[in-house]
Structures are given as structure tokens and as C-alpha cells.
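So you can see what is in the structure, the chains are spelled out below.
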Amino acid sequence: MQDWTIRCDVLVVGSGGGALTGAYAAAASGLDTVVVEKTALLGGTSSYSGGAMWLPGTAVQERAGLDDSTDQARTYLRALLGEAESERQEAFVATAPVLVDFLERDSHIEFEYRPFPDYYRAPGRKDAGRSINAVDLPAGELGELRELIRPEPNTDRAGKPQPDTTLIGGRALIGRLLLALTSTGRADVRTRTAARRLIVEDGRVVGIEAATADGGSLTIRAERGVLLAAGGIEGNQVMRDDNRTPGDARWTMGPAGANTGDLIAAAVEIGADTALLDEAWWCPGAEMPDGSGSFLVGVRGGILVDRTGVRYLNEAQPYDQFGRAMIAHGVERSVPSYLVFDSAEGGPALPSIAIPEAPARDHLDAGTWVTAATIEELADRIGVPGDTLGDTVERFNDFSKRGTDEDFHRGEDPYDAFFCPPNADLANPALRPVATGPFYAARIILSDLGTKGGVRTDVDARVLRADGTAIDGLYAAGNTSASLSGRVYPGPGVPLGTAMTFAYRAVGHMIG
Ligand code: FAD
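Cut-off values and rules
Residues numbered from 1 in each chain as written. Predicted model: local features only at pLDDT ≥ 70, side-chain atom pairs only at ≥ 80, totals over all residues. Heavy atoms only, no water. UniProt positions renumbered as here; feature names shortened; annotations may be inferred. Axes fitted to C-alpha atoms, helices over the stretch in contact; angles between N-to-C directions. Helix = DSSP H or I, 4+ residues; strand = E, 2+ residues; numbered from the N terminus. Parallel < 35°, antiparallel > 145°, perpendicular 65-115°, else oblique. Left-handed = near helix turned anticlockwise from the far one by under 90°. Contact = heavy atoms within 4.5 Å. Near = heavy atom within 4 Å. Polar contact = N/O pair within 3.5 Å; in protein donor to acceptor, adjacent residues only side chain to side chain. Areas by Shrake-Rupley, 256 points an atom, 1.4 Å probe, with all protein chains shown as cover. Nonpolar A, V, L, I, M, F, W, Y, C, P; charged D, E, K, R; others polar. Disulfide = S-S within 2.5 Å.

- An unreviewed UniProt entry lists the chain under the name 3-oxosteroid 1-dehydrogenase, with Gordonia rubripertincta as the source organism.
- Entered under Sequence similarities (unreviewed entry) in the UniProt record, the comment concerning the chain runs "Belongs to the FAD-dependent oxidoreductase 2 family. 3-oxosteroid dehydrogenase subfamily."
- Annotation of the chain in UniProt includes, under Catalytic activity (unreviewed entry), the sentence "a 3-oxosteroid + A = a 3-oxo-Delta(1)-steroid + AH2".

Structure follows, in C-alpha cells:
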């Protein structure tokens, strides 16, 4: 007989947005709930995130006067994803408003609509977006919990001091969910506790074995079910190689040492089926001076060229499609690419949001950026033919004058202009010329916001075997599960929105 260190009703592995939503749903229903988190900090990549949640057709969009509905969201998803996963698509859009109502009933949780365009031109799209965010959270409301929340990448990865007054984005979401969870009095949240094996009795998952920071181990029994929400395989180079997942564990945006596919491997061990393990929520990354990646989003200037000095994509398109275009171009040609930019913004400043950032001086010292007075010299410094780069820049500057990118249609979609400041001097604000020396070239690599393949699940997040039967007692959400969105990233907040919705449904199924 198994000896159990801890007994509970619901066990949740991981502490991102999906995990804490599931844990809160269980604890708020009066179930004793244990959360185990491998690292010293709570929140995972969800804490790094902008905190946008693609939860369509809810009371939040209605309060904001936005014309959104479950029907429109269903139309949009169906247009992008087709019939594949139609049952999970339906479960998702039908549950989103219910989830938001449930969460907002807790006094610690409040959401608001923030504009951020959907990523694809398709029926049902919202040009100004439909995703919602947790309202910013004054740090003082968190008390001691504050120190447990993983800070933003600029602090966690780039060592900048933590802004100390208000939590925003993903930190606000994680903070609010934690406040709600702990206030139930039903939750035992353990950091530095790494689940490493699933325990099965009579074909049912009844608990886990976990390693503790002091080198010990503990066993936790869960009567109702075990929810895996422990991220993807992004930080595990061996699993990436085995599954031919493009990119590199060094360049992923997952927190260091966090998401290494532990629970996907553990679930496979007991018979779970997997899908989409070569997939991720892609993005371009600016290579940091230490060789890691920095999420590049909202490119507002410059042009991207490959190792031969030619453009091959629309630089202002949504970041996942940008990453996919890098893969389609062939990573041997596209990694590294170079973002060639000028001094129009008044100095060596990347014409894009980069999360995290490093000072220009550090980039120039490390060689991740180079600079030159002319385009020809710049070409020489990055090892591409000077005449080719010169022609590329000239052609783009001609498009800028005419306001039309004949090659890659940059600036034609509402998303492209979203991050570009209005500029009366330009025929198209998304097409600023590359004309003011000195010039710069930043090394761009393929990064990701986490992988999106994992164990196959059903409408209630139950983990499935290859024959389609569910493994009793085992549930998965977020990047531990294969995403219903397949090889598409429909809009801002789909990773968090789907993770939270399916974690909520998992607990609903456990409760019965
Ligand atoms: P995570 O949030 O990473 O949580 C997994 C947790 O599990 C980690 O804390 C990890 O340490 C823990 N864990 C791993 N293994 C174990 C183990 N063996 N035992 C115990 N614990 C374990 N998505 C959106 O939807 N909206 C956005 O606005 C958005 N913005 C982003 C901005 C940035 C800068 C980044 C980097 C990402 C962004 N994303 C956004 C993507 C999104 O944050 C992630 O895809 C999503 O949060 C992943 O959620 P998850 O629950 O699967 O994993």
C-alpha cells in the first residue's frame, strides 16, 4: 500500500493562469486543494505575460460597449480552425462567459476590456480586439504573497529592479487569482515542489510523487482528480529535438528551468496520447547579449532581412505569424535574421517592443547589434552582400513613399498599424523609411511564448489515450495539453483564455 504524505480533494500541478483558476474553482467549491509549483516563484510564463485573455462574449465586453458575442467568436474560430476540434471549440466559447461571471463574483477579481486586434482577417474578427485583462493590482493588497509572484521578465531575466507600486498584466492576473484562492482557506500552495511521477491505482490516477527542495520526496493523494497545468516542453532541448520543435530552449520565453515537459512525460508514461509537440506560440526574438531571447512584438520601424540581405515577410504582422514565416523561410536562412533600423527615433533604439530589454551599449558590446554610418558598411558588418542590402532598403523606402508594400503588404491590416505612432509625414504609418543614419542591425532569432503541444484532452480537459478513452482522475490544461487552436494563434490571450477555461471545466468535471 502506498503511504501518503498529504491527502486532498484536488491536486493542481503548476501555478500559471490555468492552474490557479482550476485551484480556485476547486477551493471555492469547498474542496481541499493542493497546488505544487516546481520553482521558488508562482505564476510561470503566465506571470511574464501581458495578461490578455481571449475570453469572448462575456460581461466584460458588454460593459465596455463592445459588440462581441459567443456567436461571433464561434464564427471566427471556425473560420480559422475548421471542423478540427469543433467540440472543444464549442466548449471553450460556451464556457468563457460562465467562467468570467464565476471569477468576477470574487471580490478580489475584476476584469476590463483592452483593445488589441485579433490576429487574422476572418469572419467574426474584431479589428480592435475582444480580449480582456485583470485590472491592475496595487502591490500593497498582496501582503506577503507579493514576494512569491514571479516578476516581469525585465526583473526576472534582465535583473532590473522590480517596479514596486502596482502589478500589471500577467502579474495582476496571478496576484488576483492568488488572493481569491488563499482567501478560501481551502488551499495549500507549495513552491519548490516538483511533481515527477503520477501514481495510478486500478487504472485511475490518484496522486503524485514530488521532489522537495531539501532533496526529499512526498506523495500527495487527490480524491477527485489531478490537474496538470505545468507548461510545455519549451525549456527542454532534448524533448524539442525529439519532437523536431523549431527554435531553441535558450531562446524560449518560458522562465529558466521551469517548463521542461515533466508532466507530459509523466502522463505519456501511464498511457496518455500526445499531439502538436512540434508546435509553439511563436514569436521573433531579439537575441540578448547573454544569448537568450527577448520577445519582439509590435515592430514599428526597420526591415527584417535574412542572411542574404533580402526581406521575406511583413515585419508588422502578429508575432506568431512572424515566427511561422521565419520557419517557412527555412531556419537555415532565417536564423539569425537582422532587423535593420535607423536613428529616426533619436538614437540606437529598437523600433519595437522587446521583452525584456537590454541597453543598446550592452548589445553593441556583445555584437548582438552592430552599427555603421552607411547601409553598405552595415551589410559588411553582418556579412551580407552590400548591393543586395542596398537594393532591399531602397525598394522598401520606395514603398514607404507610395504607402504600399507591394512585396509583403505591411500596413494593410489594422493589426500592422496598431503599434505605430500616427505620423502625418508618412503615406502609411507602418512604412517608415530606413533613412536616418547611423544605421543598426539587431540579430533576430526564432523564439516562442511556450510550446503548445502536449497531452490530448477532451471537452472536460480529461487526458486521453490513443484509443480516445479518458484516463480516470487525470486532467490537463494550458501548454501541458495540445491546444485546440492547432497551428494557428487566433488572437491575443488565446493561451491564457483556453488554459483558464479548460482548467475550470476540468474541476467542474471532478465535482460532477
Ligand atoms: P506557465 O504559466 O508557464 O505555468 C507552468 C508552471 O508549471 C511554471 O510555474 C512551472 O515552474 C511549473 N512546473 C513545471 N514543471 C513542474 C513540475 N514538475 N512540478 C511542479 N510545477 C511545475 N498569453 C496570453 O494568453 N496573453 C498574453 O497577454 C500573453 N503575453 C505574453 C507575454 C510574454 C512576455 C510571454 C513570455 C508570454 C505571453 N503569453 C501570453 C503566453 C502565455 O503566457 C503562456 O503561453 C501561458 O501563460 C502558459 O501557461 P501555462 O499554464 O501552460 O504555463
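On we go.
## Brief notes about the packing of helix 1 (residues 17-28) against helix 16 (residues 494-511)
Argument step 1. Between helix 1 and helix 16, the shortest axis-to-axis distance is 8 Å and the interhelical angle comes to 30°. Compared by their axis directions, helix 1 and helix 16 come out roughly parallel. At the point where helix 1 passes helix 16, the crossing takes the right-handed sense. Across from G17, G18, T21, G22, A25 and A26 in helix 1, the residues of helix 16 making contact are L496, A499, M500, A503, Y504 and V507.

## Looking at the site of the ligand
Argument step 1. Lining the immediate environment of the ligand, one finds 37 residues, of which E37, T45, S46, A52 and N479 sit closest.
Argument step 2. At 3.2 Å from an oxygen atom of the ligand is found a main-chain nitrogen or oxygen belonging to L449.
Argument step 3. For the ligand, whose free accessible area comes to 1000 Å², the fraction covered by protein is 98%.
Argument step 4. Only helix 2 (44-48), strand 8 (193-201), helix 9 (262-269) and helix 16 provide two or more residues apiece to the shell around the ligand.
Argument step 5. At four residues, helix 2 tops the list of elements feeding residues into the shell around the ligand.
Argument step 6. Looking at the shell around the ligand residue by residue, the class counts come to 17 nonpolar, 17 polar and three charged.

## A look at the state of the cysteines
Any covalent bond linking the sulfur atoms of two cysteines counts as a disulfide.
Argument step 1. Going through the model one piece at a time under the given rule, you end up with zero disulfides.
Argument step 2. Counting only cysteine sulfurs, C420 is the nearest neighbor of C283, a cysteine outside any disulfide, at a range of 18 Å.

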